[in-house]
Amino acid sequence: MDKKKILTLNKIAKVGLDRFGDSYTVGDFVENPDGIMVRSAAMHDMDLPESLLAIARAGAGVNNIPIDKCTQQGICVFNTPGANANAVKELVIAALFLSSRRVIPGVEWAKTLKGNGAEVGKMVEKGKSQFVGPEIKGKKLGVIGLGAIGVLVANTAYSLGMEVLGYDPYLSIDAAWSLSRHTQHAASLDEIYAECDYITVHVPLNNETKHTFNADSIAKMKDGVRLINFSRGELADTQAIISAVSTGKVGCYVVDFPSDDLLGVDGIIAIPHLGASTPESEDNCAVMAADQLSRYLKYGIIKNSVNLPELDCGRVEDRRICVIHRNIPNLIATLSGILSGEGINIENMLSKSRGEYAYTVLDFAGDLPDAAIDAMKKVDGVIRVRVI
Ligand code: MLT
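Computed from a predicted structure; not experimentally measured.

Chemist: Quick question: what am I supposed to make of the overall build of the chain here?
Modeler: Per the secondary structure count, the chain includes 13 helices and 16 strands. Across its three principal directions, the C-alpha atoms of the chain cover 90 × 45 × 35 Å. Within the chain, the proportion of its 388 residues that are buried is 47%. Long-range contacts, defined as pairs at least 24 residues apart, comprise 63% of the intrachain contacts of the chain with a sequence gap of at least 6. As displayed, the chain offers around 19,100 Å² of accessible surface, 51% of which is attributable to carbon and sulfur atoms. Averaged over its 40 positive side-chain charges, the chain has a centre that lies 6 Å from the centre of its 47 negative ones.

If you want it as structure tokens, here you go:
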């Protein structure tokens, strides 16, 4: 059997790549890949080869991947929700402290005292009052987005003595089970803006969430509010942030996505995208991405896809046809009609839809004539047919 081919577009932790084993060729220069493993490499201008069945993003954000184009070409895109959540949470908690206690400017100032010998101690005691900042205990934190990261941040902030107000109109059942019962429910973003001393955002970037922090939303916030963004830079309108920081309306903005205009501005802490940069999280993401990708390539199982429905069809008993198609009437009946026309019995059939698209898996025994596969490919609304 031919080896499956995996193209890596970024450096992926070895422990993840090792999951593929001997039946795969994995590398940076693989041609006609079945799958791609990627971290933050920009894929929007890349030609997606005909051979490509799936892309696994080792991380949460998928804004570097052309999702609509992938769906239209029948390419399943996975991400690894939760795999780096603890790493990001830890740095968000650090950001809460850094936004409050003026540790970074204080450390910079302390460096300027070098060369003052025995005087340094006295100079420190005299100058330190310029770096006073409040404690987080007893303050109110707004968490916008209660996915894997938002939930961990909310729970940890509560355990540090903060009052926590959470907002998420799309809260999943898993997140609801994990969320501390002490998190108060905000019915609207305006409630978060009006009440919170600190606001952290944990949502994917899309048309709805772009510039969540903007001049209008900032105007509704408390004076001196501290804002934290470890999700994507474009969730904030940087010009609005810069001007609000200059007036003191925003006390501090901590962002994990530096842009030129944010660098060197007083009151803005720009961290070089370190949220998930821990060995633990890089390993977790790589392993999860590799497992999801190889289960899809081998068996057609879909878990944690951002563009196709979840479907756990188990291992292949005999033969399997996987069909990605539009979610339209009569299509599944037409597919099964083609098989029965060939005298083939369908042993198992599973189908799930997600918005305009659907995924159907048909298990059967015996031979399948090429003509039947060609007929399936020609059915109106069918995007991709794959036989395993
Ligand atoms: C993510 O989207 O998972 C984080 O921003 C970290 C990363 O890009 O790897």
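Chemist: Honestly, the sheet that holds strand β14 (residues 346–354) in this entry has me stumped. Any pointers?
Modeler: Strand pairs in the sheet, formed through backbone hydrogen bonds, run parallel or antiparallel to each other. The strand order across the open sheet built from four strands is β14-β15-β13-β16, with neighbouring strands paired in antiparallel fashion. The open sheet has two free edges, formed respectively by β14 and β16 (382–387), since each of these has just one partner strand. With strand direction ignored, the average angle separating the axes of adjacent strands in the sheet is 10°. Sheet topology places strand β13 (residues 319–326) next to strand β15 (residues 357–364); eight bridges connect them, and they run antiparallel. Within the sheet, the bridge partner assigned to Val 323 lies in β15 and is Thr 360. Running at roughly 150° to β13, helix α12 (residues 331–341) makes contact with β13, β14, β15 and β16 of the sheet. Here helix α13 (residues 370–378) sits on the sheet in contact with β13, β15 and β16, set at roughly 155° to β16.

Chemist: Which parts of the structure should I look at to understand the site of the ligand?
Modeler: Taken together, Arg 57, Gly 59, Ala 60, Gly 61, Asn 84, Arg 232, His 273 and Ala 276 form the complete shell of residues around the ligand. Take Arg 232: an N or O atom from its side chain is 2.9 Å from an oxygen atom of the ligand. Within the side chain of His 273, a nitrogen or oxygen atom sits 2.8 Å from an oxygen atom of the ligand. When the free accessible area of the ligand is taken as 260 Å², the share hidden by the protein chains comes to 87%. Here the shell around the ligand is built from residues that sort into two nonpolar, four polar and two charged.

Chemist: How should empty space enclosed by the protein be read in this particular structure?
Modeler: Over the atoms rolls a probe the size of a water molecule, and in doing so it shows where empty space is left. Enumeration over the complete set of coordinates arrives at one cavity of 30 Å³ or more. Approximately 40 Å³ is the volume found for the largest cavity. At the level of secondary structure, the elements contributing two or more residues to the lining of the largest cavity comprise β13 and β16. With three residues, the single largest contributor to the lining of the largest cavity is β13.

Chemist: Just checking my understanding: could you explain the nonpolar core for this structure?
Modeler: One broad trend across soluble globular proteins is that nonpolar side chains are buried collectively. Formed by 31 residues in total, the largest nonpolar core has its most connected members in Met 37, Leu 293, Tyr 296 and Tyr 359. Looking at this core, the elements that each hand over two or more residues are β4 (54–57), β5 (76–78), α11 (279–299), β13 and β15. Sort the elements by how many residues they give to this core and α11 lands first, with eight residues. If near-sequence neighbours (up to four positions away) are discounted, Tyr 296 is found in contact with Leu 53, Ala 54, Cys 76, Phe 78, Ile 301, Ile 302, Ile 324, Tyr 359 and Arg 386.

Chemist: Can you help me understand the side chain of Asn 229 in this one?
Modeler: Position of Asn 229 relative to the elements: it lies in strand β10 (residues 225–229). Within the local environment of Asn 229, its side chain forms a polar contact with the backbone nitrogen of Ser 231, the two atoms lying 2.9 Å apart. Engagement of the side chain of Asn 229 in a polar contact is seen with the backbone oxygen of Arg 232, the distance being 2.9 Å. With sequence-adjacent residues up to four places away left out, Asn 229 is seen in contact with Val 201, Leu 235, Ala 236, Tyr 253, Val 254, Val 255, Asp 256 and Phe 257.

Chemist: Just to check I follow, could you spell out the pairing of strand β11 (residues 250–255) for this structure?
Modeler: Within a regular beta strand, the side chains point alternately toward one face of the sheet and then the other, so they alternate between its two faces. With five of its six residues buried, β11 lies for the most part within the structure. In this view, the connection linking β10 to its parallel neighbour β11 by way of helix α10 (residues 238–247) has right-handed handedness. Here β11 runs beside strand β12 (residues 268–270); their pairing, made up of three bridges, is parallel. In the strand pairing of β12, Tyr 253 is matched with Ile 268.

The rules behind these values
- Residues numbered from 1 in each chain as written.
- Predicted model: local features only at pLDDT ≥ 70, side-chain atom pairs only at ≥ 80, totals over all residues.
- Heavy atoms only, no water.
- Helix = DSSP H or I, 4+ residues; strand = E, 2+ residues; numbered from the N terminus.
- Buried < 20%, exposed > 50% of the residue type's maximum accessible area, 1.4 Å probe, protein only.
- Contact = heavy atoms within 4.5 Å.
- Areas by Shrake-Rupley, 256 points an atom, 1.4 Å probe, with all protein chains shown as cover.
- Lys, Arg positive; Asp, Glu negative; His and termini not counted.
- Charge placed at Lys NZ, Arg CZ, Asp CG, Glu CD.
- Pairing = 2+ DSSP bridges.
- Axes fitted to C-alpha atoms, helices over the stretch in contact; angles between N-to-C directions.
- Near = heavy atom within 4 Å.
- Polar contact = N/O pair within 3.5 Å; in protein donor to acceptor, adjacent residues only side chain to side chain.
- Nonpolar A, V, L, I, M, F, W, Y, C, P; charged D, E, K, R; others polar.
- 1 Å grid on protein atoms, 1.4 Å probe; cavity = no way out; pocket = protein on both sides within 12 Å on 5 of 7 lines; lining within 4 Å.
- Points joined across faces, edges and corners; volume = space filled by probe spheres on them.
- Core = buried A, V, L, I, M, F, W, Y, C linked by side-chain atoms within 4.5 Å.
- Right-handed = clockwise from strand over helix to strand, strands pointing away.

Purely spatial values, then, with no claim about function.
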